[in-house]
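# Overview (structure and organization)
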Number of protein chains: 2
Amino acid sequence: VNFVSSASKGGAGAVEIVTIGDELLLGFTIDTNAAHLARTLAGLGVSVVRRATVGDDAHAIGAAVREALDRTGAVITTGGLGPTSDDRTRHAIADLFGRTLDVDEAHLEWMRQRWRTRFKTEMPEANRQQAMIPAGARKLDNHHGSAPGIWIEDDAGRWVAMLPGVPREMRGMLGDTLLPLLVDRLPSQGAIRSRTLRTTGIAESLLADRIDRVPGITDGAEIAYLPSPDGVDLRLTVRGKETKVADELLTSVASRVRSTVGKGFYGEGDTDLASVVLDLCRARTLSIAVAESCTGGLLGARLTAIPGSSDVVVGGVIAYDNKIKVGLLGVRDDDLAREGAVSEPVVCQMAAGVLARTGADLGLAITGIAGPGGGTTEKPVGTVWIAATLGGETRAHRMLLWGDRDEIRRRSAQATLELARRTLVGE
Amino acid sequence: VNFVSSASKGGAGAVEIVTIGDELLLGFTIDTNAAHLARTLAGLGVSVVRRATVGDDAHAIGAAVREALDRTGAVITTGGLGPTSDDRTRHAIADLFGRTLDVDEAHLEWMRQRWRTRFKTEMPEANRQQAMIPAGARKLDNHHGSAPGIWIEDDAGRWVAMLPGVPREMRGMLGDTLLPLLVDRLPSQGAIRSRTLRTTGIAESLLADRIDRVPGITDGAEIAYLPSPDGVDLRLTVRGKETKVADELLTSVASRVRSTVGKGFYGEGDTDLASVVLDLCRARTLSIAVAESCTGGLLGARLTAIPGSSDVVVGGVIAYDNKIKVGLLGVRDDDLAREGAVSEPVVCQMAAGVLARTGADLGLAITGIAGPGGGTTEKPVGTVWIAATLGGETRAHRMLLWGDRDEIRRRSAQATLELARRTLVGE
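Residues numbered from 1 in each chain as written. Chains lettered and ligands numbered in written order. Predicted model: local features only at pLDDT ≥ 70, side-chain atom pairs only at ≥ 80, totals over all residues. Heavy atoms only, no water.

This brings us to the overall build of chain A. Check the secondary structure of chain A and you find 14 helices and 17 strands. Referenced to the eigenvectors of the C-alpha coordinate spread, the extents of chain A come out at roughly 80 × 60 × 40 Å. By residue count, 58% of the 427 residues in chain A fall in the buried class. When the accessible surface of chain A is split by element, carbon and sulfur atoms take 49% of a total near 16600 Å². With 50 positive and 54 negative side-chain charges, chain A shows a separation of 3 Å between the mean positions of the two kinds. (Helix = DSSP H or I, 4+ residues; strand = E, 2+ residues; numbered from the N terminus. Buried < 20%, exposed > 50% of the residue type's maximum accessible area, 1.4 Å probe, protein only. Areas by Shrake-Rupley, 256 points an atom, 1.4 Å probe, with all protein chains shown as cover. Lys, Arg positive; Asp, Glu negative; His and termini not counted. Charge placed at Lys NZ, Arg CZ, Asp CG, Glu CD.)

Another point: empty space enclosed by the protein. Under the criterion given, the structure shown has one cavity of 30 Å³ or more. In this structure, the largest cavity encloses a volume near 70 Å³. In terms of lining residues, the largest cavity is bounded by 13 residues, among which Glu16, Arg50, Ala52 and Arg71 of chain A together with Arg50 of chain B are the most central. Counting only elements with at least two residues in the lining of the largest cavity, the list comes to strand 1 (14-20), strand 2 (47-54) and helix 3 (58-72) of chain A together with strand 2 (46-54) of chain B. With four residues, the top contributor of residues to the lining of the largest cavity is helix 3 of chain A. When its residues are assigned to classes, the lining of the largest cavity shows six nonpolar, no polar and seven charged. (1 Å grid on protein atoms, 1.4 Å probe; cavity = no way out; pocket = protein on both sides within 12 Å on 5 of 7 lines; lining within 4 Å. Points joined across faces, edges and corners; volume = space filled by probe spheres on them. Nonpolar A, V, L, I, M, F, W, Y, C, P; charged D, E, K, R; others polar.)

This part takes up the interface of chain B and chain A. Buried accessible area, meaning the area lost when the parts come together, often serves as the stated size of an interface. Between chain B and chain A, the contact holds 74 residues from the first and 72 residues from the second. Summed over both sides, the interface of chain B with chain A buries roughly 6000 Å², with 58% coming from carbon and sulfur. Taken together, the connections running from chain B to chain A amount to eight salt bridges. The partner of Arg71 of chain B in a salt bridge is Glu67 of chain A, with the nearest N and O atoms 3.1 Å apart. Remark: the boundary between chain B and chain A carries 32 residue pairs in polar contact (both at pLDDT 80 or more). (Contact = heavy atoms within 4.5 Å. Buried area = accessible area lost by both parts, 1.4 Å probe. Salt bridge = Lys/Arg side-chain N within 4 Å of Asp/Glu carboxyl O. Polar contact = N/O pair within 3.5 Å; in protein donor to acceptor, adjacent residues only side chain to side chain.)

With that settled, the discussion passes to the packing of helix 2 (residues 32-42) of chain A against helix 6 (residues 167-185) of chain A. Residue and element names in this part refer to chain A. For the pair helix 2 and helix 6, the least separation of the axes is 11 Å and the interaxial angle reads 25°. With respect to helix 6, the element helix 2 is oriented roughly parallel. In the crossing of helix 2 with helix 6, the sense of the turn from one axis to the other is right-handed. When helix 2 is examined against helix 6, the residues Thr32, Asn33, His36, Leu37, Thr40 and Leu41 are found in contact with a partner set consisting of Pro167, Met170, Arg171, Leu174, Leu179 and Leu182. For the contact of helix 2 with helix 6, the residue count by class is seven nonpolar, four polar and one charged. (Axes fitted to C-alpha atoms, helices over the stretch in contact; angles between N-to-C directions. Parallel < 35°, antiparallel > 145°, perpendicular 65-115°, else oblique. Left-handed = near helix turned anticlockwise from the far one by under 90°.)

Attention shifts here to the pattern of salt bridges. Per the counting criterion, the structure on display carries 55 salt bridges over all chains. Note that Arg51 of chain B is salt-bridged to Asp31 of chain A, the shortest N-O span being 3.9 Å. You can see Arg51 of chain B sitting in strand 2 and its partner Asp31 of chain A sitting in the loop between helix 1 (22-25) and helix 2, one on each of two chains. For Asp104 of chain B, the salt bridge is made with Lys139 of chain B, and the minimal N-O distance between the two is 3.7 Å. Here Lys139 of chain B lies in strand 6 (residues 138-140) and Asp104 of chain B lies in the loop between strand 4 (101-103) and helix 5 (105-119), a separation of 35 residues in the sequence. A network of salt bridges, in which partner residues are shared, links Arg332, Asp334, Asp335, Arg338 and Glu339 of chain A.

Glancing now at the nonpolar core. Here is a general trend for soluble globular proteins: nonpolar side chains tend to be buried in one another's company. By size, the foremost hydrophobic cluster in this structure holds 70 residues, and its most contacted members are Ile288, Leu303 and Leu362 of chain A together with Ile288, Leu303 and Leu362 of chain B. Excluding anything up to four places from it in sequence, Ile288 of chain A contacts Val277, Leu278, Cys281, Leu303, Val312, Val313, Val314, Gly315, Ala360, Leu362 and Leu364 of chain A. Core analysis: the second largest hydrophobic core is formed by 46 residues, Val314, Val317, Leu336 and Ala387 of chain A among them. (Core = buried A, V, L, I, M, F, W, Y, C linked by side-chain atoms within 4.5 Å.)

For sheets, the rule is that strands pair by backbone hydrogen bonds, running either parallel or antiparallel. Taking strand neighbours across the sheet as the criterion, the 12 strands line up as 6(A)-7(A)-8(A)-3(A)-1(A)-2(A)-2(B)-1(B)-3(B)-8(B)-7(B)-6(B) in an open arrangement whose pairing is mixed. The open sheet has two edge strands, strand 6 (138-140) of chain A together with strand 6 of chain B, and neither has a second partner. Neighbour-to-neighbour, the strand axes of this sheet turn through a mean angle of 20°, independent of strand direction. Pairing geometry for strand 7 (residues 149-153) of chain A and strand 8 (residues 159-163) of chain A, over four bridges, is antiparallel. Residue pairing across strands places Trp151 of chain A opposite Ala161 of chain A, the latter belonging to strand 8 of chain A. Helix-sheet contacts for helix 6 (residues 167-185) of chain B involve strand 3 (74-78), strand 6, strand 7 (149-153) and strand 8 (159-163) of chain B, and the interaxial angle to strand 8 of chain B is about 160°. (Pairing = 2+ DSSP bridges.)

For the rest of this paragraph, the subject is the layout of surface pockets. Residues and elements named next belong to chain A. In this structure, the second largest pocket occupies an estimated 880 Å³ of space. Around the second largest pocket sit 27 residues that line it, and Gly201, Pro229, Gly231, Trp402 and Arg411 are the ones nearest its centre. Within the residue set of the lining of the second largest pocket, elements represented by two or more residues are helix 7 (204-212), strand 10 (222-228), strand 11 (231-241), strand 17 (393-400) and helix 14 (405-425). A total of seven residues in the lining of the second largest pocket trace back to one element, the largest contributor, which is helix 14. For the lining of the second largest pocket, the per-class residue count stands at 12 nonpolar, eight polar and seven charged.

Let us look at unusual backbone geometry. Residues and elements named next belong to chain A. Backbone torsion omega between Gly371 and Pro372 reads 0°, so that peptide bond is classified as cis. Its place among the elements puts Pro372 in the loop between strand 15 (362-368) and strand 16 (383-390). The backbone phi angle of Thr285 is positive, close to 50°, even though this residue is not glycine. Of note, Thr285 is situated in the loop between helix 9 (273-283) and strand 13 (288-292). You can call Thr285 exposed: its relative accessible area is 71%.

Spatially, 17(A)-16(A)-15(A)-13(A)-14(A)-14(B)-13(B)-15(B)-16(B)-17(B) is the arrangement adopted by the 10 strands of the open sheet, whose pairing is mixed. Strand pairing shows two members of the sheet lacking a second neighbour, strand 17 of chain A together with strand 17 (393-400) of chain B, which therefore form its edges. Within the sheet, the average angular offset between the axes of one strand and its neighbour, ignoring direction, is 10°. Here five bridges tie strand 13 of chain A to strand 14 (residues 313-319) of chain A, and the two strands are oriented parallel to one another. Opposite Ala289 of chain A, over in strand 14 of chain A, you have Gly315 of chain A as the bridge partner. Contacting strand 14 of chain A together with strand 13 (288-292), strand 14 (313-319) and strand 15 (362-368) of chain B, helix 11 (residues 322-329) of chain B crosses the sheet at an angle of about 135° to strand 14 of chain B.

Residues and elements named next belong to chain A. One pass over the structure, following the stated rule, counts two aromatic pairs over all chains. Taken together, a centroid distance of 4.5 Å and an interplanar angle of 15° make the contact between Trp151 and Trp159 stacked. Accessibility classification places Trp151 together with Trp159 in one group, the buried group. Between the NZ or CZ atom of Arg411 and the centre of the ring of Trp402, over which it lies, the distance is 4.2 Å. (Phe/Tyr/Trp six-rings, centres within 6.5 Å; stacked < 30°, edge-to-face > 60°. Lys NZ or Arg CZ within 6 Å of the ring centre and 35° of its normal.)

Right under this line is the structure:
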């Protein structure tokens, strides 16, 4: 296949992405597919050189895909493969290639069966168009939904891969079906390699300051600072080098940056801090219970989002109302009255109380003012107490977090996981 | 100004958006600016008809902007106005318009002062290029950062507005400076009006089938189906009509679609189902407690994400481990042993148990198999029991949900909120 490389950086393969959907164009849905595609393709040394978004309009889809084909010869689309009349991708691209659309009878029958077993009903007629494939095109299996993807190619080797718009289906099909197909066709040349170091609890500009103070620390690699309410990710990238050289360079830069960052570093890649905490507990056969006020279950949800968390997490108490803090966690009425619900004695009693209630080993507690209401001069919105109790010892911290209600809650849960991690490793 | 309308739908003003940055193209940053621009412009009756993303490369920026100008004549860019050498937007677009870049001495002096007062240091020389403006172009004030935006226009009335890439600065400049400028130049013509109907618990194709069966139901409006793990949103759009006419048309179409959809409809716009449940409780002075197994706190987190939820939500128990179900919620050991943790008696006892523990009025419970492990032939992954207890009566449902662990958990929480809503309204 012809990966036209003129527009790409470092001579690697190049593709363009066209994402399709009125909801994307009108801004009602944020386009996460394009970012996922770009990140995944970069790992194969394939550069995304242009991205376009058009609405659910056959003319606009055809125009955008034709221009991308003329420039780059390799195009991935997402969206517009659904069952409704505004799903026009297969029609527009079949037209562009001068092909008819034919029903794939085997796929149609599979879809009918799927409806009978899964939804206990006959397949609606609207779904029929999901079994239509341009003549001479190849079906890309979808193990996560009903619409197949489509690979279509012309005599000059120019191709379009059509993927669904639902992120889970798109990601599944990309990994299961499209990537293996692309790997077979890729020219062997230098890749883009990157590595992400995850940090939490240190401000972006402070991190940049620490790193800038060490001359040459990132030589040969690019560094990008990616802040979010969970912390700041540092992405290191090496381009156009032979894979082994790039990997070695990344490893040495990463190691220097890690030691410069110090305690705030908790993992690499897409490691979730909740996973790190679960692994540390699992290694020592410790169980976790949570006691949450302002986060209302978010910390428990973070921990139990990780598959296999049930051998570590026993559960806990959502103590949103003070009566629950007293009745279920044994927080003392007089401390609540004197110090307030957002205070050191209360957070410590919550952590101890949930251990007494559940018999777990590590107790984590959060109480704070997430806003927008409820702040005072002494305890403004963003004031949050967190605590971790393990082996009879309790660590508690007062924080002043910024952002809106959602961010303050997310930062609270993340900070409590970091407190748990440091407690477990004795930092 | 010439809002070329050939590419637009319904004759309203049309613009294209070009977002600029390697971070966007490589997928390390999600492009939220484009969505914000599109939503904001739609309110003025301006359609975004195409969106493109290019990297920090002067040639690519120039090419994308030129193509957009040729098609639509009106372009908004974001990004590439920063102080570093990879910020090429102003240079590329000045070249395209055949203009030189001149230093705006007044702005340069303002920036120097800002560094002295804000950062207590002299401005780095790198920032100098942020004061460079193409000859004949107009500066757009930035009250939220140091780089001004730029408005550039040719003799034919074709224009480009360059905004910064940092979302907070972009949004500020859009609202403060660009929108007022656009409003003055807009042709007086119809707006785009849209309305979103939110549904849950009904498959997308089943909804489409119901709606398609009523001839003419959406006449004069477009309908888009927007599925997510929380349900399917139906977005109705009317274009190019006079505002009052468009609003009346939307109201009548929305009312017909609502009655066709029936029970699955829970709200409009960006209404959160958790808010609907809280409002229903608040109106009857009812309090809520949750008992969560497989969702691990997600339902509590959903409810308490809503500001002001503390007058309704008392809290609850995360009963992830069976010992917690027995010890804290009073679930019977023999039912657990005979029926298993994912069963009707257990979910009913969880809902009743959390009411007994907390004294709340409405008890919501979830127990299920979120996967990827733990499924059996009788109870495959996705099997979830949910229950709602109110005034001594309990409703319980068994569901078979699809998707990965995250989706099954999200769908479980949403389905439980919907069960709560129907219980409260007596549906």
